[in-house]
Amino acid sequence: MRGRSDGGQKKRMITFVCVVGGFLVFLYVYFGSHSQGESALEYGSRSLRKLGSSYLGGDEDADLGGKQEESTTKFGLEDGEDGIIPKSFPVCDDRHSELIPCLDRNLIYQMRLKLDLALMEHYERHCPPAERRFNCLIPPPSGYKIPIKWPSSRDTVWKANIPHTHLAHEKSDQNWMVVKGEKIVFPGGGTHFHYGADKYIASLADMLNFSNSNLNNGGKLRTVLDVGCGVASFGAYLLSSDIIAMSLAPNDVHQNQIQFALERGIPAYLGVLGTKRLPYPSRSFELAHCSRCRIDWLQRDGILLLELDRVLRPGGYFAYSSPEAYAQDEEDLRIWREMSALVERMCWKIAAKKNQTVIWVKPLSNDCYLEREPGTQPPLCRADDDPDAVWGVSMEPCITTYSDHDHRTGGSGLAPWPRRLTAPPPRLADFGYSNDMFEKDTELWRRRVESYWNLLSPKIASDSLRNIMDMKANLGSFGAALKEKDVWVMNVVPEDGPNTLKLVYDRGLIGTIHSWCEAFSTYPRTYDLLHAWTVFSDIEKKGCSAEDLLLEMDRLLRPTGFIIIRDRKPVIEFVKKYLQALHWEAVATADDSSDSDQDGDDLVLVIQKKLWLTSDSVRESE
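Bear in mind that the values here come from a model prediction, so they are computed numbers and not experimental data. (Residues numbered from 1 in each chain as written. Predicted model: local features only at pLDDT ≥ 70, side-chain atom pairs only at ≥ 80, totals over all residues. Heavy atoms only, no water.)

## Some details on the state of the cysteines
Next up, step 1: Applying the stated criterion across every chain, the model contains six disulfides.
Next up, step 2: Paired by a disulfide, C517 and C544 hold their sulfur atoms 1.8 Å apart. On the sign convention where negative is left-handed, the bridge of C517 and C544, at about 90 degrees about the S-S bond, is right-handed. Of this pair, C517 sits in the loop between β13 (510-514) and β14 (527-533) while C544 sits in the loop between α14 (535-542) and α15 (546-556), and the two are 27 residues apart along the sequence.
Next up, step 3: Looking at the protein, its bonded cysteines, counted consecutively from the start of the sequence, adopt the pairing 1-4, 2-3, 5-6, 7-8, 9-10, 11-12. (Disulfide = S-S within 2.5 Å. Helix = DSSP H or I, 4+ residues; strand = E, 2+ residues; numbered from the N terminus.)

Shown next as structure tokens:
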């Protein structure tokens, strides 16, 4: 009898809790949808989507509310025709202040993806499906401060902005970074250049007999790929030589190294030499660099070294600083012998070898490839292999030969920097562009950038901006117009359009291929300015979500940073409806209809992101 009585009480209690819980949920949803404060639900142009799914840190088997369908965002609809416009976006949990949606290890575990760890597949991009995408604003960490301005930021950042000090302890003997009170200081050291990257860079120039110990070699060496870059001090010190490096590293056991690089104001990108091609066209870099980068170059028939070969220009260099280049123990000697034999079959030659470093040079033409014995490994790539196809394309263990033009001219035919910035690139013909079209595009964007700066001038000082992204770079003329500013530009070219990224690299600039239907491979709060020219119109045609793109842009942008949207009027009106929800502020709107007959109906909207903190962050700062 007692047991049955207790059971009845439990049932009544459960019933009561369920009724109260249901009533509270009803009140929350009903009043929350009309509230000006945080809302747990998003209303938009597609069906209602549940928040707080396992992707945001809940139980991995949590109910996701069913699979959600992506629907095309239609611009130009009046209020009420497209559902309820959101009054606010929720704020993600503080644990997600460094969320990188397509490089999120938790997502891999939750989706039980079968990946080969030996091939580094877990460091490659794996984007969440629609029902698992984050749908909230990424909060800054507790105590976040406006970043230190360039050039001081090269050597010092706020510890609160990247509260990770394990690298300072782990690499304490290598001068990577040092914690000093509220700041983290970067002395410029590295695993193989304890005494400073500047001295190491000068030594590389001396090994190649470049004049004045300057690695840029009179402007002939401009673009560099630094793989396994650490905190990117090598790339940081190249900038004073008019050399720009794409510093590349995965989010591995040395977490946050790319985050440190970008906080410092140094060009950098999260990526890995795994199974997919790097997101750069063939013949993009004059120099590839690996300083104790912990990469097994002999694996899988040398496929990783062949990927470097693909992105190197004719006559390009590979600087390799590692024990295998100088140590005398049995294992290092074995690796050196096998690596030497491999690069010889690839037609590379030693340009210089001294102490801990060897520098190989790639041939200028196809002659050596054509003279190899039949059956020599690695083979030449098939004639139908496009060396510039990189978005989601698997690497191939084969040698990429040069185009007929490069073979005949014995090199890339590029002008020295800085003349190459405005000189028509030889590969223009690949796209059917004339020199006149190129020059008109360069002039058009020079005028546009001048207009942008006039709009920004009431809000910025000379050192306000450093990291800039052009979300649709086309020929790279936006970035070229910023040459006299103390900034660098990540030029992004859409994955489904003309692969003009090779023209961007031929101009001496850097960038990557990307689809804006997905999140970008970088940490939150890494860019000071985003330039979006017709990006919203483009994703509308693809049927992707404009709301997701707005949240992604907010993730990329530093607090107090700027966005310039150049697009059709319906797009501008659509974005304006979300300003309050995103804590953005409209700075200026301009009509550039007189600017060009090709974009006569474009409007320009300049936005600034406000500095906002979660309650925990406010308490911490106080």
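## So, the environment of V606
Next up, step 1: Along the chain, V606 falls in strand β17 (residues 602-609).
Next up, step 2: Put simply, V606 and H531 are 75 residues apart on the chain and 9.4 Å apart in space, counted from C-alpha to C-alpha.
Next up, step 3: In this structure, V606 is in contact with L455, L456, F562, I563, I564, E585, A586, V587 and A588, ignoring residues within four places of it in sequence. (Contact = heavy atoms within 4.5 Å.)

## Considerations on the sheet that holds strand β2 (residues 178-180)
Next up, step 1: A sheet is described by the order of its strands in space; here three strands give the open sequence β1-β3-β2, paired in antiparallel fashion. Single-partner strands in this sheet number two, and they are β1 (156-158) and β2. Ignoring which end each strand starts from, the neighbouring axes of this sheet average 30 degrees apart.
Next up, step 2: Pairing analysis gives three bridges linking β2 to strand β3 (residues 183-185), with the strands arranged antiparallel. Paired with V179 across the strands is I184, a residue of β3. (Pairing = 2+ DSSP bridges. Axes fitted to C-alpha atoms, helices over the stretch in contact; angles between N-to-C directions.)

## Things to note about the side chain of R555
Next up, step 1: Following the sequence through the fold, R555 ends up in helix α15.
Next up, step 2: A distance of 2.9 Å separates the side chain of R555 from the backbone oxygen of L99, its partner in a polar contact.
Next up, step 3: With sequence-adjacent residues up to four places away left out, R555 is seen in contact with L99, I100, P101, F134, I138, A519, F520, T522, Y523, P524 and R525. (Polar contact = N/O pair within 3.5 Å; in protein donor to acceptor, adjacent residues only side chain to side chain.)

## With respect to the nonpolar core
Next up, step 1: Residues L215, W297 and F318 are the most contacted members of the largest nonpolar core, which totals 130 residues.
Next up, step 2: Beyond its immediate stretch of four places on either side in the chain, W297 contacts V227, L273, C290, G302, L304, L305, L308, F318, Y320, M339 and L342.
Next up, step 3: With 21 residues, the next largest nonpolar core counts L456, I468, F478 and A590 among its residues. (Core = buried A, V, L, I, M, F, W, Y, C linked by side-chain atoms within 4.5 Å. Buried < 20%, exposed > 50% of the residue type's maximum accessible area, 1.4 Å probe, protein only.)

## Structural notes on the pattern of salt bridges
Next up, step 1: For the structure shown, the criterion picks out 32 salt bridges.
Next up, step 2: For D602, the salt bridge goes to R566, with nearest N and O atoms at 3.8 Å. Taken together, the positions of D602 in strand β17 and R566 in strand β15 (residues 557-568) put the pair 36 residues apart, joining distant regions of the chain. Take D602 and R566: they sit in the same class, and that class is buried.
Next up, step 3: With its nearest N and O atoms 3.9 Å apart, the salt bridge here joins E573 to K576. In this pair, E573 and K576 both sit in helix α16 (residues 569-576), three residues apart, roughly one turn of the helix.
Next up, step 4: Judged by relative accessible area, E573 falls into the partly exposed class, the value being 35%.
Next up, step 5: Owing to a relative accessible area of 33%, K576 belongs among the partly exposed residues under this scheme.
Next up, step 6: Here the salt bridges do not stand alone but share partners, grouping E286, R313, R420, R427 and D506 into one network. (Salt bridge = Lys/Arg side-chain N within 4 Å of Asp/Glu carboxyl O.)

## Digging into the sheet that holds strand β9 (residues 349-354)
Next up, step 1: Taking strand neighbours across the sheet as the criterion, the seven strands line up as β6-β5-β4-β7-β8-β10-β9 in an open arrangement whose pairing is mixed. Across the chains shown, the open sheet's two edge strands, defined by having one partner strand only, are β6 (268-270) and β9. Between one strand axis and the next, the sheet turns by 20 degrees as a mean value, whatever way the strands run.
Next up, step 2: Two strands pair when backbone bridges link them, and strand β8 (residues 312-321) and strand β10 (residues 357-361) are joined in this way by five bridges, in the antiparallel orientation. Paired with F318 across the two strands is W360, which belongs to β10.
Next up, step 3: Those strands touched by helix α6 (residues 257-264) are β5 (244-249) and β6, and its axis lies near 155 degrees from that of β6.

## Here's the deal with helix α11 (residues 435-456)
Next up, step 1: With 22 residues, α11 extends 32 Å between its outermost C-alpha atoms, agreeing within 8% with the 32 Å of an ideal straight helix rising 1.5 Å per residue.
Next up, step 2: Taken residue by residue, α11 has F438, D441, T442, L444, W445, R448, V449, Y452, W453, L455 and L456 as its buried positions.
Next up, step 3: Tucked into the core, α11 has its buried residues touching β11 (467-470), α12 (477-480), β14, β15, β16 (584-591) and β17. (Expected span 1.5 Å × (residues − 1).)

## Let's talk about the confidence of the model for the protein
Caution applies to low-pLDDT parts of the model: their predicted coordinates are not meant to be read in detail.
Next up, step 1: Overall, the prediction assigns the protein a mean pLDDT of 85, with 81% of residues at 70 or greater.
Next up, step 2: Low pLDDT, under 50, characterises residues 25-72; the predicted model gives this stretch 104 contacts beyond four residues in sequence or across chains.
Next up, step 3: Here residues 617-622 is modelled with pLDDT under 50, and outside its nearest four sequence neighbours on either side it reaches nine contacts, counting other chains as well. (pLDDT = per-residue confidence, 0-100.)

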